[in-house]
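Here are the chains, one letter per residue:
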Amino acid sequence: MRIAMIGIKAIPARFGGFETAADEISRGLVKLGHQVVVYNRSGMSCASGKSYEGVDLVTLPTLKSKNLSTIVHVFLSTLHVMFRGVDVVHYFTAGATLFAPLPRLMGKKVVCSVDGTDWQRAKWSRFARWYLRLSERLAVLFCNGLISDSQQVSNYYRQKYAASSFCIAYGIREHRSDQRDILEGFGLKEREYVLFVGRLVPENNVHHLIEAFEKTATEKKLVIVGDDPWEKDYVRSLKSTRDPRVVFTGGVYGDGYAQLQQNAYFFVLPDEVGGTHPALVEAMGYGNCVLVNDTESNLEVIGDSGFSYSGKEGTGALRRQLQSLLEGPALVEQYRDLARRHAEEHYRWEAVVAQHALMYQEILGAPRTSGTSGLAKSVHS
């Protein structure tokens with residue numbers, strides 16, 4: 001099959017969940033014998049040349065704007081892919097599907113990975129929220145298939161739009177590091193810090209996490225990995241904490257990211273917007289005990305292998321759970337192993353790639369190939 005991926009910032013992945021997914025899926029599909037092209041945004045790719053481990057790269061410009069960067073790049077990428085010999089155009093995020101009818105006019109199949117209720121994110125303007133809600137409807141109307149990353153998101157599209165979707169989650173990272181330079185650079189010691197990874201935006205509730213941690217009795221540190229160029233005031237407010245135990249690293253990728261994940265005491269995710277959080281899946285894969293806001297999607301990911309707190313109650317409930325785990329190293333160690341085994345059983349990139357291949361084949365009405373038969377079965381809800 002010939003597949004094009006549109007809507008991400010760039011691969012190799014350095015930015016977020018969709019970038020990591022496109023990176024892993026595209027390279028995995030190439031290993032299965034398929035042809036894949038990924039559209040990168042200019043100035044955001046660290047790849048040299050027009051190929052990355054067998055994946056064709058097309059780099060196109062865009063505007064430096066929070067609300068327009070994605071849509072402009074998607075438009076240019078769509079115009080380009082219309083005249084390229086591909087079978088399937090895969091859009092990442094429903095906000096990209098305004099232009100989905102164009103490749104369909106050229107006989108191509110179109111699928112979209114939908115990212116929960118993205119319009120609920122506080123970073124968007126009123127117009128952007130309206131557009132993203134409209135985009136959900138456009139994704140249902142214009143796409144041959146939808147991909148949700150959790151059963152909660154799948155249920156949302158079924159209940160709101162009577163639309164079915166393929167439910168395919170994320171995978172865990174295989175890279176392990178034997179280095180310590182990032183830990184040493186931030187003054188960190190193994191198992192002596194609590195870890196958060198994600199964008200520093202209000203709906204991820206990092207302010208709740210810092211406020212709760214400030215009230216804990218511990219010598220351990222709280223490490224905040226991530227940033228957001230569009231939320232400067234919010235990020236500034238977070239960094240105004242006077243607690244010396246709180247460490248901000250900014251964005252950390254590759255080997256440094258692996259160092260931070262695999263040496264944490266436990267991982268905490270206080271986000272409140274639906275959908276699977278890739279860093280949570282990765283934390284479990286690295287063998288981290290995890291503590292999450294009790295959203296439906298987060299509870300779906302951790303199963304019986306992690307801890308949760310009442311998001312409705314907020315900071316108080318989070319502080320109590322933080323303190324309990326900080327005082328319970330034996331319990332943390334027990335759940336570290338449970339989380340790792342749960343992730344290895346349910347979140348493997350090999351299975352994710354195979355599920356995508358089967359989904360593309362179903363959309364195309366093609367018979368299954370020997371490269372994917374029996375590896376995984378796509379979940380269709």
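Described below are features of the structure shown in this document. Within every chain, residues take consecutive numbers counted from 1 along the sequence as written. Confidence filtering applies because this is a predicted model: local features only for residues at pLDDT of at least 70, side-chain atom pairs given and counted only at 80 or more, and all residues used for totals across whole chains, interfaces and linings. To get the side-chain values, all heavy atoms of the structure are used, and hydrogens and water are removed first.

### Observations concerning the overall build of the protein
Consideration 1: If you tally the helices and strands in the protein, you get 14 helices and 15 strands.
Consideration 2: With the C-alpha coordinates aligned to their principal axes, the bounding extent of the protein is approximately 60 × 45 × 45 Å.
Consideration 3: Only protein chains enter the calculation, and the probe is 1.4 Å; a residue is then buried if its accessible area is under 20% of its type maximum, exposed if over 50%, and partly exposed in between. Every one of the 381 residues in the protein was classed for burial, and the buried ones make up 57%.
Consideration 4: Here, residues are in contact when the closest pair of their heavy atoms is within 4.5 Å. Within the protein, contacts between residues separated by at least 24 positions form 67% of all contacts whose residues are at least 6 apart in sequence.
Consideration 5: Method for areas: the Shrake-Rupley scheme with a 1.4 Å probe, in which residue coverage is limited to the protein chains shown. Of the accessible surface of the protein, which amounts to about 16,200 Å², a share of 50% is contributed by carbon and sulfur atoms. Strands are runs of DSSP state E lasting at least two residues, helices are runs of H or I lasting at least four, and both sets are numbered from the N terminus onward.

### Focus: the sheet that holds strand β14 (residues 307-309)
Consideration 1: A pair of strands is considered paired only if DSSP assigns at least 2 bridges between the two. With parallel pairing, 6 strands are arranged side by side in an open sheet as β11-β10-β9-β12-β13-β14. Single-partner strands in this sheet number two, and they are β11 (246-250) and β14. Averaged over all neighbouring strand pairs, the angle between strand axes comes to 25°, with direction disregarded.
Consideration 2: Bridge count between strand β9 (residues 193-197) and strand β12 (residues 266-269): 2 bridges; the pairing is parallel. Within β12, the residue paired with Val194 across the bridge is Phe266.
Consideration 3: Only the stretch in contact is used when fitting a helix axis, every axis being a line fitted to C-alpha atoms; angles between N-to-C directions are given from 0 to 180 degrees. Contacts between helix α9 (residues 254-262) and the sheet are confined to β9, β10 (221-225) and β12, with β9 contributing the most and set at about 130° to the helix.

### Details of the pairing of strand β13 (residues 290-293)
Consideration 1: Relative to β13, β12 runs parallel, the two sharing 3 bridges. Residue Val268 lies in a different strand from β13, and its bridge partner there is Leu291.
Consideration 2: Alignment of β13 against β14, held across 3 bridges, turns out to be parallel. Note that in β14 the partner of Asn293 across the bridge is Tyr309.
Consideration 3: Assignment of crossover handedness uses the view with strands pointing away from the viewer, where a clockwise path from the first strand over the helix to the second indicates a right-handed crossover. Read from β13 through helix α11 (residues 296-302) to β14, the crossover connection turns out right-handed.

### Some details on a nonpolar patch on the surface
Consideration 1: On the surface, Phe83, Leu105 and Met106 cluster together into a nonpolar patch covering about 390 Å² of accessible area.
Consideration 2: With respect to the helices, strands and loops of the structure, Met106 is situated in the loop between α3 (101-105) and β6 (109-114). Like charges within 9 Å and nonpolar side chains (Val, Leu, Ile, Met, Phe, Trp, Tyr) within 5 Å are joined into patches, using only residues over 30% in relative accessible area that form no salt bridge. Salt bridge, as used here: a side-chain nitrogen of Lys or Arg that lies within 4 Å of a carboxyl oxygen of Asp or Glu.

### Things to note about helix α1 (residues 17-31)
Consideration 1: In a helix, the anticipated span is given by 1.5 Å times the number of residues less one. Its 15 residues give α1 an end-to-end C-alpha distance of 21 Å, which sits within 8% of 21 Å, the value for a rise of 1.5 Å per residue.
Consideration 2: Within α1, 12 of the 15 residues are buried, leaving the element largely enclosed by the surrounding structure.
Consideration 3: The positive-phi residue at the C-terminal boundary of α1 is Gly33, with phi of around 100°.

### Here we look at the nonpolar core
Consideration 1: Only buried residues count toward a nonpolar core, which is a set of Ala, Val, Leu, Ile, Met, Phe, Trp, Tyr and Cys residues joined through side-chain atoms within 4.5 Å. One finds Ile224, Phe266, Phe267, Leu280 and Leu291 to be the most contacted residues of the largest nonpolar core, which totals 58 residues.
Consideration 2: Contacts of Leu280, omitting those with residues within four sequence positions, involve Phe267, Leu269, Val290, Val292, Asn298, Val301 and Ile302.
Consideration 3: The next biggest cluster of nonpolar side chains, apart from the first, holds 29 residues, and it includes Val58, Leu60, Ala139 and Val153.

### Some words on helix α14 (residues 349-364)
Consideration 1: Its 16 residues place the ends of α14 22 Å apart at the C-alpha level, agreeing with the 22 Å of an ideal helix rising 1.5 Å per residue.
Consideration 2: With 12 of 16 residues buried, α14 lies mostly within the body of the structure.
Consideration 3: Within α14, the full set of buried residues consists of Trp349, Val352, Val353, Ala354, Gln355, His356, Ala357, Leu358, Met359, Tyr360, Gln361 and Ile363.
Consideration 4: Buried residues along α14 sit against β1 (2-6), α1, β5 (88-92), β6, β7 (145-148) and β8 (166-167).
Consideration 5: The positive-phi residue at the C-terminal boundary of α14 is Gly365, with phi of around 70°.

### Quick look at the packing of helix α7 (residues 206-214) against helix α12 (residues 315-326)
Consideration 1: Viewed as axis vectors pointing N to C, α7 and α12 meet at an angle of 55°, and their least axial separation amounts to 8 Å. By the angle between their directions, the pair α7 and α12 is classed as oblique. Once α7 is placed against α12, the crossing between them reads as right-handed. For the pair α7 and α12, the contacting residues are His208, Leu209, Glu211, Ala212 and Phe213 in the first and Thr315, Leu318, Arg319 and Leu322 in the second.
Consideration 2: As a working rule, the residues Ala, Val, Leu, Ile, Met, Phe, Trp, Tyr, Cys and Pro are called nonpolar, Asp, Glu, Lys and Arg charged, and the rest polar, with Gly in that last group. For the contact of α7 with α12, the class distribution of residues is 5 nonpolar, 2 polar and 2 charged. We call two directions roughly parallel when the angle between them is under 35 degrees, roughly antiparallel when it is over 145, roughly perpendicular when it lies between 65 and 115, and oblique otherwise. The hand of a helix crossing depends on one turn: near helix anticlockwise from the far one by less than a right angle means left-handed, and clockwise means right-handed.

### Structural notes on the packing of aromatic side chains
Consideration 1: Side-chain rings of Phe, Tyr and Trp (the six-membered ring for Trp) are treated as a pair once their centres are within 6.5 Å; stacked means planes under 30 degrees apart, edge-to-face means over 60, and tilted covers the remaining angles. All told, the structure shown has 7 aromatic pairs when counted by the stated rule.
Consideration 2: With a centroid separation of 5.1 Å and 50° between ring planes, the pair formed by Phe75 and Phe99 is classed as tilted. Of this pair, Phe75 sits in helix α2 (residues 69-81) while Phe99 sits in the loop between β5 and α3, placing them 24 residues apart in sequence.
Consideration 3: On the accessibility criterion, Phe75 (34% relative accessible area) is partly exposed.
Consideration 4: Arranged with centres 5.7 Å apart and planes meeting at 40°, the rings of Tyr157 and Tyr161 form a pair that is tilted. With Tyr157 and Tyr161 both in helix α5 (residues 151-161) and 4 residues apart, the pair spans about one turn of that helix.
Consideration 5: In this structure an aromatic cluster arises from ring pairing among Tyr156, Tyr157 and Tyr161.

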